[in-house]
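# Overview (structure and organization)
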Amino acid sequence: MAENTCRYRAGLRHWHPLLPTRQLRRRPLRLQLCGEPLVLFRTASGVAAAVREACPHRRMSLAAGRVRGEQLECAYHGWRFDRDGAVHCPLMPAAELRHHAFQVREAHGLIWLRQPQPQEPPQALPPLPSWPHADLLLAGITLHTVPAPLELTLDNFTETEHTTTIHQVFGFRDPAQVQLRVDLELNATRVWNSGPQKPFPRLFDAFIDIRPADAFANDWVTSFAPPLTVYEQTWRRGERLRRFRLRVVMFFLPLADACTQLTTLLYTPRVLPGPLHRWLAAPMVRAISTYELDLDVRALARLADLDPQLSPRSLGPFDRVLLENRRRIQAGYLGG
Ligand code: FES
Ligand SMILES: [Fe+2]
């Protein structure tokens, strides 16, 4: 069995939201997490499960297999796999073989996955990450794949200096006018940004009551087990807080050394009455957010190299928290 040499492999002990629930049907899917190739499948009774991709017999990809009842059957010689990794070989029914299985949960419209740790008692299963959401409506879940390491991807989403140049709607007019505050905690970093909203195309404000001259505040907290940032974005005109606000919950999943997935949940207040919110406002928020995240991905795809080292001398005021995030990734996510 090829050894997983990904430098994020220790992160597999945390829960990761890998896929929206609706995207997993009966066909097994090949995915990757922290350098570990795996196959996600849904049994006939609807339970999601995941096992290591390579069949332990002769290495056929189990993504080529098919679900039979509560088991996944290998396409090559028909060995079958239970959700918990028990292996059934038709020619060796008495053999007690096991394959590597992952723990899988479904919650918040997502499929979560982690690798059980050696000697871990079942009651030690860590809880899923939580975030505030009961006060707002889910406008959508998006997935983006970034061709860059975890640290460089998180860097991009931990400063607002680039919002002036890279973004079209959500951002600041001028970084020099942004008030910035950073609070460092043992297991989290908090950042507050406020300043004039940048100009944006007018179509947007037909649905949403923010205006280009508003004061924009983008505050967030980043935690690291797994890496997760919860952004609170609000707008005000003078003292009056706009009704529209956006909460962005973004998980950073290292798929491999130089590939990171963003799993993003978007929350807003009800913007339009009744079903109009679901039919018009939510898709619009989803489309604009997806577009803005595409711009981030495009910027990260243009990095000249993927060295995650930072040179402290060349960091600006918006970048100070990046070094702190590095330390917490090492301690909180990778565990050492
Ligand atoms: S390779 Fe899977 S059963 Fe033989
Ligand atoms: Fe951005």
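Of the regular secondary structure elements, the protein chain holds four helices and 18 strands. Since a compact globule built from 336 residues should have a radius of gyration of about 20 Å, the 22 Å found for the protein chain is in line with a globular shape. Dimensions of the protein chain, computed from the C-alpha atoms along their principal axes, are close to 75 × 50 × 40 Å. Counting every position in the protein chain, which comprises 336 residues, the buried fraction comes to 50%. Partitioning the intrachain contacts of the protein chain with sequence separation of at least 6 by distance along the chain shows that 58% fall at a separation of at least 24. Carbon and sulfur atoms form 54% of the exposed surface of the protein chain, whose accessible area is close to 16000 Å². Of the charged side chains in the protein chain, 42 are positive and 32 negative; the average position of the first set lies 5 Å away from that of the second.

With 26 residues, helix 3 (residues 275-300) extends 37 Å between its outermost C-alpha atoms, agreeing within 8% with the 38 Å of an ideal straight helix rising 1.5 Å per residue. In helix 3, a bend of some 30 degrees at A281 exceeds every other bend along the element, and P283, a proline, comes one to four places later.

The next point concerns the side chain of D214. Among the secondary structure elements, D214 is positioned in the loop between strand 14 (188-196) and strand 15 (215-224). Of the polar contacts made by the side chain of D214, one reaches the side chain of R242; its length is 2.8 Å. Setting aside chain neighbours within four positions, we find D214 in contact with G195, P196, Q197, D209, W235, R236, R237 and R242.

The coordination sphere of the iron ion (ligand 2), as far as protein atoms go, consists of H162 (NE2), H167 (NE2) and D296 (OD), spread over 2.0 to 2.1 Å. When the donors of the iron ion (ligand 2) are listed by position in the chain, the intervening gaps give H-x4-H-x128-D. The buried category is assigned to H162, whose relative accessible area is 12%.

What follows covers the side chain of H99. Inspection of the secondary structure assignment puts H99 in the loop between strand 9 (97-98) and strand 10 (101-107). Overall, the relative accessible area of 8% leaves H99 in the buried class. At 3.4 Å, the side chain of H99 forms a polar contact with the backbone oxygen of A54.

Time to look at the domain arrangement of the protein chain. For the protein chain, the assigned domains read domain 1 (9-124) and domain 2 (137-333). Of the roughly 1200 Å² buried between domain 1 and domain 2, counting both surfaces, carbon and sulfur atoms make up 63%. Remark: the boundary between domain 1 and domain 2 carries zero salt bridges. For the pair domain 1 and domain 2, the number of links is nine residue pairs in polar contact (both at pLDDT 80 or more).

To continue, consider the sheet that holds strand 8 (residues 86-88). The five strands are arranged 5-6-7-8-9 in an open sheet whose pairing can be described as antiparallel. The open sheet has two edge strands with one neighbour each: strand 5 (66-68) and strand 9. In terms of strand pairing, strand 5 meets strand 6 (residues 71-73) through three bridges, oriented antiparallel. Residue V67 lies in a different strand from strand 6, and its bridge partner there is L72.

Time to look at the pairing of strand 11 (residues 110-114). The side chains of a regular strand alternate between both faces of the sheet. Across the five residues of strand 11, five count as buried, placing the element largely inside the fold. Of the two faces of strand 11, the one carrying L110, W112 and R114 and the one carrying I111 and L113 are both buried. Inspection of the sheet shows strand 1 (residues 16-20) paired to strand 11 by four bridges, in the antiparallel sense. When the sheet's bridge partners are listed, H16 is paired in strand 11 with L113. Sheet topology note: the strand 10/strand 11 ladder contains five bridges and is antiparallel.

So, on to unusual backbone geometry. The step from A225 to P226 runs through a cis peptide bond, and the omega angle for that step is 5 degrees. Among the structural elements, P226 can be located in the loop between strand 15 and strand 16 (227-237). Although it is not a glycine, R59 sits at a positive phi angle of roughly 70 degrees. Exposure remark for R59: the relative accessible area of 46% places this residue in the partly exposed category. Phi is positive for Q119, which is not a glycine, with a value near 60 degrees. Position of Q119 relative to the elements: it lies in the loop between strand 11 and strand 12 (137-146).

Now for the sheet that holds strand 15. On the basis of which strands lie adjacent, the open sheet formed by seven strands has the order 12-18-17-16-15-14-13 and antiparallel pairing. Of all strands in the sheet, those with a lone pairing partner are strand 12 and strand 13 (179-184), marking the two edges. Here the strands of the sheet are splayed against their neighbours by 15 degrees on average, with no regard to which way each runs. Of the pairings in the sheet, the one linking strand 15 to strand 16 comprises ten bridges and is antiparallel in character. Bridging across to strand 16, F216 finds its partner in W235.

Criteria and cut-off values
Residues numbered from 1 in each chain as written. Chains lettered and ligands numbered in written order. Predicted model: local features only at pLDDT ≥ 70, side-chain atom pairs only at ≥ 80, totals over all residues. Heavy atoms only, no water. Helix = DSSP H or I, 4+ residues; strand = E, 2+ residues; numbered from the N terminus. Rg over C-alpha atoms; globule rule 2.2 N^0.38 Å. Buried < 20%, exposed > 50% of the residue type's maximum accessible area, 1.4 Å probe, protein only. Contact = heavy atoms within 4.5 Å. Areas by Shrake-Rupley, 256 points an atom, 1.4 Å probe, with all protein chains shown as cover. Lys, Arg positive; Asp, Glu negative; His and termini not counted. Charge placed at Lys NZ, Arg CZ, Asp CG, Glu CD. Expected span 1.5 Å × (residues − 1). Bend = angle between axes of the 7 residues up to and from the residue. Polar contact = N/O pair within 3.5 Å; in protein donor to acceptor, adjacent residues only side chain to side chain. Donors = N, O, S within 2.8 Å, 3.2 Å for Na, K, Ca; no water. Domains from an automatic or database assignment. Buried area = accessible area lost by both parts, 1.4 Å probe. Salt bridge = Lys/Arg side-chain N within 4 Å of Asp/Glu carboxyl O. Pairing = 2+ DSSP bridges. Axes fitted to C-alpha atoms, helices over the stretch in contact; angles between N-to-C directions.

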